[in-house]
Amino acid sequence: MPTLVTGGAGYIGSHACQRLLRDGHQVIALDNLFRGHRAPMDLLSHAYPRQFSFVHADVGDTEAVTAAINEHEIDTVMHFGALAYVGESVEDPLWYYRNNIAMGIGLLDACDQAHDGRGISRFIFSSSCATYGDPPEGMIPVPENCPQSPTSPYGYTKLHFEHILKDYATKRQREDNPIALTMLRYFNVAGSDRTGMLGEDHTPETHLIPVGIDAATGKRDSMSIFGTDYPTPDGTCIRDYVHVEDLVDAHARAMERVQIGEVQAFNVGIGKGYSVREILDSIKRVSGVDFAVHETDRRAGDAIALYNDPTKIKATLGWDAQITDIDEIVTTAYTWLKGHPNGYAT
Ligand code: UDP
């Protein structure tokens, strides 16, 4: 099935492209290369010359996206292209709203207008557990019906776009031209493809696992734990780290199993939480390096503890994480980053 992957040159988007290509689909990756990389596009083009193509454009460029959808007869859109740093969204919320919402609407216009106004049939949105904010008592692990109350502008951009998508799906239903809409609320995505072709290359890098690995490999002198006074067993925040290949498997399943006319939201996380200290211990075990760690203040916008209740996604999509051992997840990230000290520019 021809599929448009927005943000296809980014970390998760490129892994999604790879998975779809492995499954035999035609894939059109669209990216403005603001934070995405040309290199994974070239690698995928080389590996799958007849199935893969790349469009250099903004997600919100309705004309370019409509043309790509029409030209490649695209029926399914996976939308990854967004800004995705909690801290940055606190610093510059308007940029986040403009990019993640206004540009997203430009994409939806294209999805609506394409195919002579018939529009596309399937939309899979990269949402986030950040839409839950700090879940109320009794809601951890977090089920999909947990109240959504973000603690950051980033979380709000994802929540607002979920609402926009639901309203759009309702419009399509009313027009008797229904769409299959899936919103996947990711927990913390980590690791990289186990063949070593693709990896995680962010500038700036702020995510815990790659930052810790940079400290282990000497790319940075030390790293910081943001807050050690949280009400958790060791005082640091707890997150659910899902391997990127398991995450993209959830997309592949949603594409196959969510039916036209359905609107579904699923959490994607392994169902187990690790504290920041536990993650750093894992990086030290995997790398064999006891790097320097400073304890600093809390980072604005961080939720205390978030890990998934995977009941719904298991029951509905038959999804279950295959890689649940944290050292195994960290090893895939470590192997790629060690071999690519300057990311894709190596
Ligand atoms: N974190 C940290 N030091 C770092 C980066 C992250 O202590 O250098 C913490 C952060 O405060 C959060 C957790 O690690 O509690 C995961 O953060 P990350 O940025 O990886 O993902 P997020 O949960 O914000 O999506």
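Engineer: So what's going on with helix α6 (residues 153-174)? Residues and values would help.
Structural biologist: For α6, which comprises 22 residues, the first-to-last C-alpha distance of 31 Å matches the rise-based estimate of 32 Å (1.5 Å per residue) to within 8%. Along α6, the residues classified as buried are Pro153, Tyr154, Gly155, Thr157, Lys158, Leu159, Phe161, Glu162, Leu165, Tyr168, Ala169 and Arg172. Buried-residue contacts for α6 involve β4 (76-79), α4 (86-91), α5 (93-113), β5 (122-128), β6 (180-186) and β11 (263-268). Just downstream of α6, Asp176 is the residue with a positive phi angle, here 65°.

Engineer: A description of the side chain of Ser127 should follow, citing residues and the corresponding values.
Structural biologist: By secondary structure assignment, the location of Ser127 is in strand β5. Take Ser127: its relative accessible area is 1%, and that puts it in the buried class. Engagement of the side chain of Ser127 in a polar contact is seen with the side chain of Glu162, the distance being 2.7 Å. Excluding anything up to four places from it in sequence, Ser127 contacts Lys158, Glu162, Leu184, Arg185 and Tyr186.

Engineer: I'd like a rundown of the packing of aromatic side chains, residues and numbers included.
Structural biologist: Evaluated as defined, the whole model comprises 4 aromatic pairs. Ring centres of Phe34 and Trp95 lie 6.0 Å apart, and the angle between their planes is 85°; this geometry places the pair in the edge-to-face category. Here Phe34 is found in the loop between β2 (27-31) and α2 (38-47), whereas its partner Trp95 is found in helix α5, with 61 residues between them in sequence. Ring pairs connect the aromatic residues Phe34, Trp95 and Tyr96, which therefore count as one cluster. The ring centre of Tyr274 lies 4.5 Å from the NZ or CZ of Lys272, which sits over that ring. The residue whose ring lies beneath Lys284 is Phe291, and the NZ or CZ to ring-centre distance is 5.1 Å.

Engineer: Outline the site of the ligand, listing residues and values.
Structural biologist: Around the ligand, the structure places 15 residues, and the nearest of them are Leu208, Ser224, Phe226, Arg299 and Asp302. Taking Arg299, its side chain carries an N or O atom lying 2.8 Å from an oxygen atom of the ligand. Protein contacts shield 89% of the accessible area of the ligand, which totals 510 Å² for the unbound molecule. The biggest single contributor to the shell around the ligand is strand β8 (residues 222-226), with 4 residues. The residue makeup of the shell around the ligand, split by class, is 8 nonpolar, 4 polar and 3 charged.

Engineer: If you had to explain the sheet that holds β6 to someone new, which residues and values would you point to?
Structural biologist: Pairing is parallel across the open sheet formed by 7 strands, whose spatial order is β3-β2-β1-β4-β5-β6-β11. Every other strand in the sheet has two partners, leaving β3 (52-56) and β11 as the edge strands with one partner each. Adjacent strand axes in the sheet meet at a mean angle of 20° when their direction is disregarded. Across 4 bridges, the pairing between β4 and β5 is parallel. Paired with Val77 across the two strands is Phe123, which belongs to β5. Against the sheet, α2 engages β2 and β3, with an angle of about 155° to β3.

Engineer: Any details on the pairing of β4? Residues and values, ideally.
Structural biologist: Of the two faces of β4, the one lined by Thr76 and Met78 and the one lined by Val77 and His79 are each fully buried. Two elements, strand β1 (residues 3-6) and β4, share 4 bridges in a ladder whose sense is parallel. By the bridge assignment for β4, Thr3 is matched with Thr76.

Calculation notes
Residues numbered from 1 in each chain as written. Predicted model: local features only at pLDDT ≥ 70, side-chain atom pairs only at ≥ 80, totals over all residues. Heavy atoms only, no water. Helix = DSSP H or I, 4+ residues; strand = E, 2+ residues; numbered from the N terminus. Expected span 1.5 Å × (residues − 1). Buried < 20%, exposed > 50% of the residue type's maximum accessible area, 1.4 Å probe, protein only. Contact = heavy atoms within 4.5 Å. Polar contact = N/O pair within 3.5 Å; in protein donor to acceptor, adjacent residues only side chain to side chain. Phe/Tyr/Trp six-rings, centres within 6.5 Å; stacked < 30°, edge-to-face > 60°. Lys NZ or Arg CZ within 6 Å of the ring centre and 35° of its normal. Near = heavy atom within 4 Å. Areas by Shrake-Rupley, 256 points an atom, 1.4 Å probe, with all protein chains shown as cover. Nonpolar A, V, L, I, M, F, W, Y, C, P; charged D, E, K, R; others polar. Pairing = 2+ DSSP bridges. Axes fitted to C-alpha atoms, helices over the stretch in contact; angles between N-to-C directions.

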